[in-house]
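So the chains spell out like this:
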Amino acid sequence: MSDPKLDSQWLPHVVAAAVVEQDGRFLFVEEHTAEGLRLNQPAGHWERGETLIEAVRREALEETAHRVEPTALVGCYTTHYPRRDITYLRFAYVCEVAGFDADRTLDDGIVRALWLTPEELASHPTPHRSALVMRCVEDYLAGRRFPLDFVRHA
């Protein structure tokens with residue numbers, strides 16, 4: 001017999017996202033999602049056994065072929081998708097490009113990586129994955145920064 005407390009247990013999906021800016025342009029991915037083609041920062045699920053910083057490095061590499069190095073935390077955000085009843089907890093990190101692997105195959109579902117100004121992002125015909133895409137850019141531009149040790153792993 002199942003325990004009603006466990007049946008109703010709610011768990012967010014934890015995501016690490018890379019906010020990467022170079023010369024006024026930000027790194028994004030165009031990706032296939034359950035809702036169709038969307039724009040997003042390089043981002044993905046935090047996997048067991050890794051730190052959030054390791055997760056953001058891995059996701060950026062897998063989705064864009066760019067090696068990145070986190071320098072600060074922009075913020076921690078939540079968003080809820082009622083249609084699928086999923087809540088995401090997003091840790092967005094400021095990252096610098098540390099290399100590029102031109103021969104690397106991008107993750108399944110990723111159409112391409114692209115560099116956009118905030119204005120190009122706002123007017124791009126491909127919808128954003130969530131409102132957090134623009135929010136993270138706005139917070140970055142506003143100078144929001146938290147030290148990397150803001151999130152500590154025991």
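Look up: the structure comes first, before these words.
The written sequence of each chain sets the order in which its residues are numbered from 1. Restriction of local features to residues with pLDDT of at least 70 applies here, the model being predicted, together with a cutoff of 80 or more for giving and counting side-chain atom pairs; totals for whole chains, interfaces and linings are based on all residues. The side-chain numbers reported here are obtained from all heavy atoms of the structure, hydrogens and water having been left aside.

Caption draft 1: Broad picture of the overall build of the protein chain. Secondary structure elements are defined from DSSP: runs of H or I of at least 4 residues count as helices, runs of E of at least 2 residues count as strands, and each element is numbered from the N terminus. Per the secondary structure count, the protein chain includes 4 helices and 7 strands. Ordered by position in the sequence, the α and β elements of the protein chain form the string α-β-β-β-β-α-β-β-β-α-α. On C-alpha atoms alone, the protein chain measures out to a radius of gyration of 16 Å, which is about the 15 Å that the 2.2 N^0.38 rule sets for 154 residues. Burial here depends on accessible area, computed with a 1.4 Å probe over protein chains only, as a share of the maximum for the residue type. Under 20% is buried, over 50% is exposed, and the range in between is partly exposed. Within the protein chain, the fraction of its 154 residues that count as buried is 45%. Contacts were defined at the residue level, with two residues in contact if any of their heavy atoms lie within 4.5 Å. Taking the intrachain contacts of the protein chain between residues at least 6 apart in sequence as the baseline, contacts between residues at least 24 apart amount to 71%. As a reference, a globule follows 2.2 Å times the number of residues to the power 0.38, and the radius of gyration itself is taken over C-alpha atoms.

Caption draft 2: Quick look at the state of the cysteines. Disulfide assignment relies on a single distance test, namely cysteine sulfur atoms paired within 2.5 Å. On inspection of all chains with the given rule, the structure shows 0 disulfides. Its sulfur unpaired, Cys76 is 10.0 Å from the next cysteine sulfur, which belongs to Cys136. Since its relative accessible area comes to 41%, Cys76 is described here as partly exposed. With no disulfide partner, Cys95 has as its closest neighbouring cysteine sulfur the one in Cys136, 11 Å distant.

Caption draft 3: The arrangement of the pattern of salt bridges in detail. Salt bridges are defined by distance alone: a side-chain nitrogen of Lys or Arg within 4 Å of a carboxyl oxygen of Asp or Glu. This model, assessed by the stated rule, comprises 12 salt bridges. Between Glu31 and Arg129 there is a salt bridge; the shortest N-O distance is 2.9 Å. Placement of the pair is Glu31 in strand β2 (residues 25-33) and Arg129 in the loop between α3 (118-123) and α4 (132-141), with a sequence separation of 98 residues. Salt-bridge contacts for Arg144 lead to Asp139; the nearest nitrogen and oxygen are separated by 3.7 Å.

Caption draft 4: Seen up close, the packing of aromatic side chains. Only Phe, Tyr and Trp rings are paired, with Trp represented by its six-membered ring, and only when their centres lie within 6.5 Å; those with planes under 30 degrees apart are stacked, over 60 edge-to-face, the remainder tilted. Tallying each qualifying case throughout the model produces 3 aromatic pairs. With centroids separated by 5.3 Å and ring planes inclined at 90°, the aromatic side chains of Phe26 and Tyr140 adopt a geometry described as edge-to-face. Of this pair, Phe26 sits in strand β2 while Tyr140 sits in helix α4; the two residues are 114 residues apart in sequence, bridging distant segments of the chain. A ring pair is formed by Tyr81 and Tyr88, whose centres lie 5.5 Å apart and whose planes are at 90°; its orientation type is edge-to-face.

Caption draft 5: Region of interest: the side chain of Ser130. Relative to the elements of secondary structure, Ser130 occurs in the loop between α3 and α4. The exposure class assigned to Ser130 is buried, which follows from its relative accessible area of 12%. We call two N or O atoms a polar contact when they sit within 3.5 Å, provided that within protein one can donate a hydrogen and the other can accept it, with sequence-adjacent residues counted only if both atoms are side-chain atoms. A polar contact of 3.0 Å, which involves the side chain of Ser130, links it to the backbone nitrogen of Leu132.

Caption draft 6: Quick peek at the nonpolar core. Throughout this description, the term nonpolar core refers to a set of buried Ala, Val, Leu, Ile, Met, Phe, Trp, Tyr and Cys residues connected via side-chain atoms within 4.5 Å. The biggest cluster of nonpolar side chains holds 24 residues, and the ones touching the most others in it are Val19, Phe28, Ala92 and Leu121. Elements represented by at least two residues in this core include exactly β1 (13-22), β2, β5 (66-81), β6 (86-100), β7 (110-116) and α4. Among the elements that make up this core, the one with the highest residue count is α4 (6 residues). Those residues in contact with Val19 that sit more than four places away from it in its chain are Phe26, Gln41, Val74, Ala92, Tyr93, Val94, Cys95, Cys136 and Tyr140. Ala18, Leu52, Tyr93 and Cys95 belong to the second largest nonpolar core, which has 16 residues in total.

Caption draft 7: Spotlight on the environment of Glu50. Along the chain, Glu50 falls in the loop between β4 (43-45) and α2 (52-64). Take Glu50: its relative accessible area is 14%, and that puts it in the buried class. Linking Glu50 and Leu61, residues 11 residues apart in sequence, is a C-alpha distance of 15 Å. Non-local contacts of Glu50, meaning those with residues more than four positions away in its chain, are made with His45, Ala55 and Arg58. In this structure the side chain of Glu50 is engaged in a polar contact, spanning 2.9 Å, whose partner is the backbone nitrogen of Glu47.

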